[in-house]
Amino acid sequence: MAPAATATVRTIKRDTPYAWEGRDKRGQRIKGKSLAPDEASLRVELRRQGIAPSRIRKQSQSLKGGRVNAGDIAIFSRQLATMLASGIPMVQSFEIVGSGSDKPALQKLILDVKSDVESGTSLHEALGKHPLHFDDLFVNLVEAGEQAGALETLLDKIATYKEKTEAMKKKVKKALFYPAAVMVVAFLVTIILMIFVIPEFQSLFQGFGANLPAFTQFVINISEVVQHDGIYLGIVLAGIVWVFFYFKKRSRKMREVLDRITLKLPVVGPIINKAAIARYSRTLATMFAAGVPLVEALESVAGACGNIVYEDAVMKMKDEVATGQRLQRAMEARGIFPNMVVQMIAVGEESGSLDTMAGKVATFYEAEVDNAVDAMSSLLEPLIMVVLGVIVGGLVIAMYLPIFHLGQVVG
């Protein structure tokens, strides 16, 4: 029997995802995925294309576990850039990428864009209908590529930009995950000791008939509070966390204050600064290389910085550049860019190679972020162990102090 092949079909409407299997005109087994209003419509479309369907099953449209994230968009950008560079037509490229996705949400997103492109909408307009997944930077670069007739080249630049950005984010998240996980475990262990272990020692100490050491009594008092009011304390704590994230998401002023504080934190602050400069430089290099005018590029650069302090600074720079001031001077006036960055941008402006120099700055600071994250990880590990030892060890010592005192009295 001939090996199974994978194919895609064109459907009239795209409402429900289906996976299908069948045989083509040569009798070969064939399978694929498609969107159709119902199973009957899909069968008609398959037969019209010379495919005899043997099995059609509806795929779940639930987006649970299939949420589209920035990493998915980066992979999609690379796949689309590769296919277009290989000469595959755009509509067919969308069909192949969309049908090959394991995430229903991503599949629907890609095929929705494909439907708009098929109907005559330009690619940048079709992408612009999904701002949650394709930001202004992405859309502007695609538009520049369409206008210049170099869409494949621009999509390759977008893919490279997305890949580098996501790699840097993952590096920082990976470094922060370990200490966060250890602290959560330490918190849970402490709660368990407070609720189940310390009360047993407390019952034992009641038969001593003597005053307990101050440290032991302090720990027992905390344990009693956790036992009797722990549920209420947990609710209050959860409420505070919910309120914090609620207002953080909706209040720009709060995010600005938090971003300013973050930039001044020891160890973490320098990493955030370098990461923001790397994103600023990488985005500027990508936009300028695509032929986007500097003023328009700076608007997209501002949103890509990932920090409101830098975002506000870049927007002010954009206004100054729009009035004829050089980018170098506008950066100097903000006071948040290192002198090396300003000077390299100045050289780029004077030599007409701003994209090249900004790219070199981005590469340098991306490496700096990698090194700083590695150093932070090495520094945090022993500190976390010390904190964990102090918490758990302190509780153990508090419980054994009365036994030590009893031994001294008996001795």
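For the structure, see preceding data.
Residues numbered from 1 in each chain as written. Predicted model: local features only at pLDDT ≥ 70, side-chain atom pairs only at ≥ 80, totals over all residues. Heavy atoms only, no water.

> What exactly am I supposed to notice about the overall build of the protein here?
Across its full length, the protein holds 15 helices and four strands. Taking 2.2 N^0.38 as the reference for a compact globule, 411 residues should give roughly 22 Å; the C-alpha atoms of the protein span a radius of gyration of 30 Å, well beyond that estimate. Counting only C-alpha atoms, the protein reaches 95 × 65 × 40 Å along its principal axes. Long-range contacts, defined as pairs at least 24 residues apart, comprise 62% of the intrachain contacts of the protein with a sequence gap of at least 6. Roughly 22400 Å² of accessible area belongs to the protein as shown, and the carbon and sulfur atoms make up 60% of that amount. The averaged location of the 41 negative side-chain charges in the protein is 5 Å from the averaged location of its 47 positive side-chain charges. (Helix = DSSP H or I, 4+ residues; strand = E, 2+ residues; numbered from the N terminus. Rg over C-alpha atoms; globule rule 2.2 N^0.38 Å. Contact = heavy atoms within 4.5 Å. Areas by Shrake-Rupley, 256 points an atom, 1.4 Å probe, with all protein chains shown as cover. Lys, Arg positive; Asp, Glu negative; His and termini not counted. Charge placed at Lys NZ, Arg CZ, Asp CG, Glu CD.)

> Honestly, empty space enclosed by the protein in this entry has me stumped. Any pointers?
Sizing a probe to match a water molecule and rolling it over the atoms shows the empty space that remains. Counting across every chain of the model gives one cavity of 30 Å³ or more. The volume enclosed by the largest cavity comes to roughly 30 Å³. At the level of elements, α7 (151–205) and α10 (268–289) are the ones that each hand at least two residues to the lining of the largest cavity. Take the lining of the largest cavity: its biggest share by element is four residues, from α7. Grouping the constituent residues of the lining of the largest cavity by class yields three nonpolar, one polar and four charged. (1 Å grid on protein atoms, 1.4 Å probe; cavity = no way out; pocket = protein on both sides within 12 Å on 5 of 7 lines; lining within 4 Å. Points joined across faces, edges and corners; volume = space filled by probe spheres on them. Nonpolar A, V, L, I, M, F, W, Y, C, P; charged D, E, K, R; others polar.)

> Please clarify how the environment of Met357 should be interpreted in this entry.
Checked against the element boundaries, Met357 lands in helix α15 (residues 354–410). In this structure Met357 comes out as buried when scored by relative accessible area, which is 14%. In sequence terms Met357 and Val347 are 10 residues apart; their C-alpha atoms lie 7.6 Å from each other. Sequence-distant contacts of Met357, that is, excluding residues within four places in its chain, are made with Met344, Val347 and Gly348. (Buried < 20%, exposed > 50% of the residue type's maximum accessible area, 1.4 Å probe, protein only.)

> Explanation requested: the pattern of salt bridges in the structure shown.
Where charged atoms from two side chains of opposite charge approach closely, those side chains can pair. What the rule picks out here adds up to 16 salt bridges. The salt bridge partner of Glu256 is Arg260, with a shortest N-O separation of 3.3 Å. Here the residue Glu256 and the residue Arg260 both occupy positions in helix α9 (residues 252–264), the gap between them amounting to four residues, near one helical turn. On the basis of relative accessibility, which here comes to 41%, the residue Arg260 falls in the partly exposed class. Among the ionic pairs, Glu366 bridges to Arg282, the shortest N-O distance being 3.0 Å. (Salt bridge = Lys/Arg side-chain N within 4 Å of Asp/Glu carboxyl O.)

> Quick question: what am I supposed to make of the side chain of Asp72 here?
Within the element layout of this structure, Asp72 appears in helix α2 (residues 70–85). Once residues within four sequence positions are removed from consideration, Asp72 is found in contact with Arg67, Lys103 and Leu106.

> Just checking my understanding: could you explain a nonpolar patch on the surface for this structure?
There is a patch of nonpolar side chains on the surface, built from Val184, Phe187, Leu188, Leu237, Val241, Phe244 and Phe245 and spanning about 660 Å² of accessible area. Every element with two or more residues in the nonpolar patch is listed here: α7 and α8 (214–250). For the nonpolar patch, the element with the highest residue contribution is α8, accounting for four residues. Among the structural elements, Val241 can be located in helix α8. Note on Val241: relative accessible area 38%, which makes it partly exposed. (Patch = residues over 30% accessible without salt bridge, like charges linked within 9 Å, V, L, I, M, F, W, Y side chains within 5 Å.)

> Whenever I open this one, the environment of Ala346 confuses me. Can you help?
Within the secondary structure, Ala346 sits in helix α14 (residues 339–351). Take Ala346: its relative accessible area is 4%, and that puts it in the buried class. Spatially, the C-alpha atoms of Ala346 and Lys58 are 58 Å apart, while their sequence positions differ by 288 residues. Discounting residues that sit within four places of it in the chain, Ala346 has contacts with Arg326 and Gln328.

> Would you explain the packing of aromatic side chains in this entry?
One pair of aromatic rings is described through two measures. These are the centre distance and the angle between the planes. Tallied over the entire structure, the rule returns 10 aromatic pairs. Considering the side-chain rings of Phe244 and Phe245, the 5.2 Å spacing of their centres and the 85 degrees angle between planes classify their relative orientation as edge-to-face. The exposure class assigned to Phe244 is partly exposed, which follows from its relative accessible area of 34%. Ring geometry for Tyr246 versus Phe247: centroids 5.3 Å apart, planes at 85 degrees, classification edge-to-face. Three or more aromatic residues joined by ring pairs make a cluster, and in this case those are Phe76, Phe94, Phe134 and Phe138. (Phe/Tyr/Trp six-rings, centres within 6.5 Å; stacked < 30°, edge-to-face > 60°.)

> I would appreciate a short explanation of the packing of α2 against helix α3 (residues 90–99) in the present structure.
Between α2 and α3, the least distance of the axes is 10 Å, while the angle of their chain directions is 140 degrees. Comparing their axes, α3 and α2 come out oblique. Once α2 is placed against α3, the crossing between them reads as right-handed. Counted together, Phe76, Gln79, Leu80, Met83 and Leu84 of α2 and Met90, Ser93, Phe94, Ile96 and Val97 of α3 form the full contact between these two elements. Tallied by class, the residues present in the contact of α2 with α3 amount to eight nonpolar, two polar and no charged. (Axes fitted to C-alpha atoms, helices over the stretch in contact; angles between N-to-C directions. Parallel < 35°, antiparallel > 145°, perpendicular 65-115°, else oblique. Left-handed = near helix turned anticlockwise from the far one by under 90°.)

> Explain the layout of surface pockets here, please?
By volume, the largest pocket amounts to about 880 Å³. Leu132, Asp135, Lys162, Lys169 and Gly303 are, among the 27 residues lining the largest pocket, the residues nearest its centre. Listed by contribution, the elements that provide at least two residues to the lining of the largest pocket are α2, α6 (136–148), α7 and α11 (294–304). Among the residues forming the lining of the largest pocket, the class breakdown is 10 nonpolar, eight polar and nine charged. Residue lining of the second largest pocket: 17 residues in total, with Val172, Ile272, Ala275, Arg279 and Gly306 positioned closest to the centre. Counting only elements with at least two residues in the lining of the second largest pocket, the list comes to α7, α9, α10 and α15. Looking at the lining of the second largest pocket residue by residue, the classes come out as 10 nonpolar, three polar and four charged.

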